[in-house]
Amino acid sequence: MEEEKGAVAQSLIDVVNEISSVSEYRTTVKKLCSNLARRLKLLVPMFEEIRESNEPIDDDALKTLVSLRESISSAKDYLRFCSQGSKIYLVMEREQVTSKLMEISVQLEESLSKIPYEDLDISDEVREQVELVLSQFRRAKGRVDASDDELYEDLHSLCIKSGGDDDYQPALQRVAKKLHLMEIPDLAQESVALHEMVASGGGDAGESIEEMAMVLKMIKDFVQMETDNSEDQNVGVNSSSNGQTSTAVSHKIPVIPDDFRCPISLEMMRDPVIVSTGQTYERTCIEKWIEAGHSTCPKTQQALTSTTLTPNYVLRSLIAQWCEANDIEPPKPPSSLRPRKVSSFSSPAEANKIEDLMWRLAYGNPEDQRSAAGEIRLLAKRNADNRVAIAEAGAIPLLVGLLATPDSRIQEHSVTALLNLSICENNKGAIVSAGAIPGIVQVLKKGSMEARENAAATLFSLSVIDENKVTIGALGAIPPLVVLLKEGTQRGKKDAATALFNLCIYQGNKGKAIRAGVIPTLTRLLTEPGSGMVDEALAILAILSSHSEGKAIIGSSDAVPSLVEFIRTGSPRNRENAAAVLVHLCSSDPQHLVEAQKLGLMGPLIDLAGNGTDRGKRKAAQLLERISRLAEQQKETAAQTQNEEEAEPTHSASTTEPADT
Amino acid sequence: MAGGGGYGGASGKVDYVFKVVLIGDSAVGKSQLLARFARDEFSLDSKATIGVEFQTRTLLIEEKSVKAQIWDTAGQERYRAVTSAYYRGAVGAMLVYDITKRETFDHIPRWLEELRAHADKNIVIILIGNKSDLEDQRAIPTEDAKEFAEKEGLFFLETSALNATNVENSFNTLMTEIFNTVNKKSLSSAGNQGGLNNNHGSLAGKKIVIPGPGQEVTAKTSTCCSSS
Ligand SMILES: Nc1nc2c(ncn2[C@@H]2O[C@H](COP(=O)(O)OP(=O)(O)OP(=O)(O)O)[C@@H](O)[C@H]2O)c(=O)[nH]1
Ligand SMILES: [Mg+2]
């Protein structure tokens, strides 16, 4: 039975992991699906605790887990379909698709709410997280994403038409673009997805799929025609540029250096931008490439870790210089482009300024870089608009790159600029996907004290997002945070503590913090007079005490006296956290309870049960219950020993009756 | 001939759905044969097929309504997207070559090999020499193809998608043969399995309505195809 429970929990983890590995959902259902997947992922800590717990569970509880697994795996199948299935189907049948997703949510919510959490050995934090997931499922009920109506209308109008006239070209164009059905492999894949639906549906395809097949055929014809046309156009362009060359030849124009040409268009670049692999392309070309749904660098075939395009100012100025030297008019960047990119800035002057800053950041000498990073740090601090504009101008990857410089001032400015930028919700993801974490961790380890503090604060700010908690923990941020908590200034300690708190909400990070030795530091902060860190330390201890290793170490660190003291005299928040720690300690070793009682726990506990915060009351009640259970057990054992003692003299007579009647 | 009836999907009940696949080299005219059969259309500047496509047409065979679900795929390797999945559930295949291009005929054994590797072994196959309208450019004598077909146990016809010669005929031959095979199977297996769509294997087709008792199976009649 015990093993079966572990196996069920493990298989639950496996299905959720499979869901997490589903790469990308079709844009039309992206939001619904990724929300669903994200919520399911939040359940993993619960499954882990169930798997690891030693307490047996009864058959009924096991059944609820098995039925949850069924719901999750049927969710998995449908999510797969939403990732691999026909794009056209997912739009045209959007009512059906959303209602299916809703149905899945409802089913998940039902199976989740049937689980008898009280009977399972689950920590409060995990329990709270599960409740959050449940409430998210409930809230999501009946809420449908506003999807792209134009796309939907277009597809349906194409279905009705399929005639011979070509006034539906614009609709085809929009559909092909929005669904990323512009390239042969995409089209082939879509056709296979439709084939799959027909083949697996068995038998009759149904009229709607036949219509979709028709629409796909129209899109294919359209795309193939476009390709032909653009090939013709290319020929035209080439011949006209040949014409130019012939006039140019008479002027003896030197050959344009290859580096000045976009690898995609082979034309001289007007607005060169760098992608995450370090390659440079003409902005419009690479934008088109990415918009078409590609996620690799066209030249190197490496995956693009982010879609950020950083202006290559140096190259642009080199091209301009070369043009000037050769008496050619330099290619102008499309004028409509630049102002749009920095639209968040109020004045063109500021837009210019930011462009200049980027330039210096990217290619200036260390002096330039230092002052530019410092200015960006201040600008990003000033207001929200600046944070958006600076990120849009491509500052994030540049700043991330500068984290690794040996110059400690540059490091400090860069990490602080990132901290200020991270206040903007949208930047949080961009910073992490620009690969900032390893750099920040490095600064946290080796930077100046101020840089370390700000690195910790940045990690705190980034860890607000759940996915980031996992990434940050995995990239080794926790041990240096623990070090900072131990040896930092007051500010450093605070920053480290808040970051650690956030990170340890994710179950997988608890063990990392514990093994990095956070607990002795925390218990010291509890007792150190004037540490000013009691609130933070107790809060972190409360979440770590649910972890089996954490429990053991706190238990052996002689923390009970101060915990009792906090329950007696602490702030409401500290009282509940101290009680929470105690609940966990006592669950594994009732001896702590005896000790706490001796230290006068009873009075404060009864008071907490009556006057504490909600959570405080709950914790106090749990402790009181344990105390009375313990007392009962003691009575029993006492009675037993007494009985045995009494029975001793009359041993011979007692053979017919058991001693404990 | 045009307007040979049944285009645009006869509404109403469908007794059978048969999946049929078209294969053969690029540009032999697979897509045009399908367009001619399903919609009575033809285009001279047809584009190479990308991935897979399908169209349907419902025929009447021995008073049963039979839906032909015809799948077409790219002959060009780089536009192809599926292999084994494409053949899954197929009960018939049209193996097409271009009578004016020798290599398309020379490749037929390869296509046959692929078909036999991936498709059901009872699949009904018809060999089609297309573009018979281009008699003056003929590269493959009819006799050669006939001989090959006999050797391999295939049906054989020469067609022209352009002027519609034999297109109707070739699909009808294929569908009727499938229909007969399925019904023979169903009768022979009805005794032990008590159903048509049992696991007897393979060539079940997709049966929508189980035919009532006393059904006549008139073998080898090629009356088919609904009203005109
Ligand atoms: N003269 C003549 N031309 C035909 C006939 N059938 C098809 N064609 C032409 O042959 C070319 C190729 O026809 P498709 O039907 O697209 O060829 P396909 O076999 O589908 O080719 P892929 O999709 O690349 O595998 C087109 O230009 C057609 O117009 C025919 O019976 N006679
Ligand atoms: Mg074709």
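If you're wondering where the values come from, they're calculated on a predicted model, not measured in any experiment.

For chain A, the helix and strand inventory stands at 34 helices and three strands. Out of the 661 residues belonging to chain A, those deemed buried represent 48%. When contacts within chain A are restricted to residue pairs at least 6 apart in sequence, those whose partners lie at least 24 apart make up 70%. Accessible surface for chain A amounts to roughly 31200 Å². Of this, 52% is attributable to carbon and sulfur atoms.

What follows is about empty space enclosed by the protein. What the rule picks out here adds up to four cavities of 30 Å³ or more. Space inside the largest cavity adds up to approximately 120 Å³. The wall of the largest cavity is formed by 14 residues, among which A:Ala213, A:Lys217, B:Val52, B:Glu53 and B:Phe54 lie closest to the centre. Listed by contribution, the elements that provide at least two residues to the lining of the largest cavity are helix H10 (184-201) and helix H11 (207-251) of chain A together with strand E2 (52-61) of chain B. Looking at which element gives the most residues to the lining of the largest cavity, the answer is H11(A), with five residues. In the lining of the largest cavity, the residues fall into eight nonpolar, three polar and three charged.

All names here are of chain B. Taken together, 25 residues are adjacent to ligand 1, and Ser 26, Lys 30, Leu 44, Ser 46 and Gly 75 come closest. Take Ser 26: an N or O atom from its side chain is 2.6 Å from an oxygen atom of ligand 1. If ligand 1 stood free it would expose 650 Å²; the protein chains cover 92% of that surface. Per-element accounting of the shell around ligand 1 gives the leading share, three residues, to helix H1 (residues 30-39). Looking at the shell around ligand 1, its residues break down into nine nonpolar, eleven polar and five charged.

Moving on: the coordination of the magnesium ion (ligand 2). Geometrically, a metal with four donors at the corners of a regular tetrahedron has ideal angles of 109.5 degrees, and one with six donors at the corners of a regular octahedron has ideal angles of 90 or 180 degrees. Residues and elements named next belong to chain B. The magnesium ion (ligand 2) binds to the protein through Ser 31 (OG) and Thr 49 (OG1), with metal-donor distances spanning 2.0 Å. With Ser 31 in helix H1 and Thr 49 in the loop between H1 and E2, this pair connects stretches of sequence that are 18 residues apart. Overall, Ser 31 belongs to the buried group, its relative accessible area being 17%. Since its relative accessible area comes to 9%, Thr 49 is described here as buried.

This part covers the pattern of salt bridges. In this structure the tally under the stated criterion is 52 salt bridges over all chains. Residue B:Lys67 is joined to A:Glu210 by a salt bridge in which the shortest nitrogen-to-oxygen separation is 3.2 Å. Pair noted here: B:Lys67 is in strand E3 (residues 64-73) and A:Glu210 is in helix H11, and the two residues belong to different chains. According to the relative accessible area criterion, B:Lys67 is buried, its value standing at 10%. One continuous salt-bridge network, built from bridges that share partners, spans A:Glu125, A:Glu128, A:Arg573, A:Glu576, A:Arg615 and A:Arg618.

All names here are of chain A. Side chains of Glu 4, Asp 58, Asp 59, Asp 60 and Asp 119 sit close together on the surface and give a patch of like negative charge. Position of Asp 59 among the secondary structure elements: in helix H4 (residues 59-84). The class of Asp 59 is partly exposed, set by a relative accessible area of 46%.

All right, on to the state of the cysteines then. Residue and element names in this part refer to chain A. Across all of its chains, the model carries zero disulfides over all chains by this definition. Of all cysteine sulfurs in the structure, the one in Cys 33 sits closest to Cys 82, which takes part in no disulfide; the separation is 3.8 Å. Under the relative-accessibility criterion, Cys 82 is labelled buried at 0%.

The phi angle of most residues is negative, glycine excepted, and most peptide bonds adopt the trans form. All names here are of chain B. Positive phi values are uncommon outside glycine, yet Glu 62 reaches one of about 45 degrees. Checked against the element boundaries, Glu 62 lands in the loop between E2 and E3. With a phi close to 65 degrees, Glu 63 is a non-glycine residue in the positive phi region. Mapping Glu 63 onto the fold places it in the loop between E2 and E3. By relative accessible area, which is 73% here, Glu 63 ends up exposed.

Here we take up the interface of chain A and chain B. At the interface, 21 residues of chain A touch 21 residues of chain B. Each partner contributes to the roughly 1900 Å² buried at the junction of chain A and chain B, and carbon and sulfur atoms together form 63% of this total. Counting the contacts that link chain A with chain B gives four salt bridges. Notably, a salt bridge pairs B:Arg88 with A:Glu196, separated by 3.5 Å at the nearest N-O pair. Where chain A touches chain B, the interface holds eight residue pairs in polar contact (both at pLDDT 80 or more).

Our next topic: the environment of A:Ile540. Residue and element names in this part refer to chain A. Along the chain, Ile 540 falls in helix H28 (residues 534-544). Judged by relative accessible area, Ile 540 falls into the buried class, the value being 1%. Excluding its chain neighbours within four sequence positions, the residues that come into contact with Ile 540 are Ala 497, Leu 500, Phe 501 and Leu 522.

Following the criterion strictly, the structure yields nine aromatic pairs over all chains and no others. Ring centres of A:Phe81 and A:Tyr89 lie 5.6 Å apart, and the angle between their planes is 70 degrees; this geometry places the pair in the edge-to-face category. An angle of 40 degrees between the planes, with centres 5.6 Å apart, marks the rings of B:Tyr16 and B:Phe18 as tilted. The exposure classification of B:Tyr16 matches that of B:Phe18, with both residues buried. The ring of A:Phe137 is capped by A:Arg39, whose NZ or CZ atom sits 5.4 Å from the centre of that ring. For the cation-ring pair, B:Lys19 lies above B:Trp71, with the distance from its terminal atom to the ring centre recorded as 5.6 Å.

All names here are of chain A. Positionally, Ser 531 belongs in the loop between helix H27 (518-527) and H28. For Ser 531, a relative accessible area of 5% puts it in the buried group. Leaving out residues up to four positions away in the same chain, Ser 531 has contacts with Gln 490 and Leu 525.

Bringing the sheet that holds strand E1 (residues 272-274) of chain A into the picture now. Paired through their backbone hydrogen bonds, the strands of a sheet run either parallel or antiparallel. All names here are of chain A. Spatial ordering of the open sheet is given by E2-E1-E3, a layout of three strands whose pairing is antiparallel. Since the sheet does not close on itself, it has two edges, and those belong to strand E2 (280-282) and strand E3 (310-311), each with one partner. Relative to E2, E1 is paired through three bridges, and the arrangement is antiparallel. From the neighbouring strand, Val 273 faces E2, where its bridge partner is Tyr 281. Those strands touched by helix H12 (residues 283-291) are E1, E2 and E3, and its axis lies near 95 degrees from that of E2.

For the rest of this paragraph, the subject is the nonpolar core. Residues A:Met46, A:Ile72, A:Ile88, A:Leu101, A:Leu112, A:Ile219 and B:Leu115 are the most contacted members of the largest nonpolar core, which totals 111 residues. Sort the elements by how many residues they give to this core and H4(A) lands first, with ten residues. When neighbours within four sequence positions are excluded, A:Ile219 is seen to be in contact with A:Ile88, A:Leu172, A:Val175, A:Ala176, A:Leu181 and A:Leu187. In terms of nonpolar packing, the next biggest core, distinct from the first, is built from 93 residues, A:Leu462, A:Ile543, A:Val594 and A:Ile627 among them.

Residue and element names in this part refer to chain B. Among the ten residues of E3, nine are classified as buried, and the element is accordingly described as predominantly covered. Of the strand pairs in this sheet, strand E1 (residues 16-24) and E3 are connected by seven bridges, and their pairing is parallel. For Phe 18, the partnering residue across the bridge sits in E3 and is Ala 68. Taken together, the ten bridges between E2 and E3 define a ladder with antiparallel strand orientation.

Each value, and the rule that gives it
- Residues numbered from 1 in each chain as written.
- Chains lettered and ligands numbered in written order.
- Predicted model: local features only at pLDDT ≥ 70, side-chain atom pairs only at ≥ 80, totals over all residues.
- Heavy atoms only, no water.
- Helix = DSSP H or I, 4+ residues; strand = E, 2+ residues; numbered from the N terminus.
- Buried < 20%, exposed > 50% of the residue type's maximum accessible area, 1.4 Å probe, protein only.
- Contact = heavy atoms within 4.5 Å.
- Areas by Shrake-Rupley, 256 points an atom, 1.4 Å probe, with all protein chains shown as cover.
- 1 Å grid on protein atoms, 1.4 Å probe; cavity = no way out; pocket = protein on both sides within 12 Å on 5 of 7 lines; lining within 4 Å.
- Points joined across faces, edges and corners; volume = space filled by probe spheres on them.
- Nonpolar A, V, L, I, M, F, W, Y, C, P; charged D, E, K, R; others polar.
- Near = heavy atom within 4 Å.
- Polar contact = N/O pair within 3.5 Å; in protein donor to acceptor, adjacent residues only side chain to side chain.
- Donors = N, O, S within 2.8 Å, 3.2 Å for Na, K, Ca; no water.
- Salt bridge = Lys/Arg side-chain N within 4 Å of Asp/Glu carboxyl O.
- Patch = residues over 30% accessible without salt bridge, like charges linked within 9 Å, V, L, I, M, F, W, Y side chains within 5 Å.
- Lys, Arg positive; Asp, Glu negative; His and termini not counted.
- Charge placed at Lys NZ, Arg CZ, Asp CG, Glu CD.
- Disulfide = S-S within 2.5 Å.
- Buried area = accessible area lost by both parts, 1.4 Å probe.
- Phe/Tyr/Trp six-rings, centres within 6.5 Å; stacked < 30°, edge-to-face > 60°.
- Lys NZ or Arg CZ within 6 Å of the ring centre and 35° of its normal.
- Pairing = 2+ DSSP bridges.
- Axes fitted to C-alpha atoms, helices over the stretch in contact; angles between N-to-C directions.
- Core = buried A, V, L, I, M, F, W, Y, C linked by side-chain atoms within 4.5 Å.

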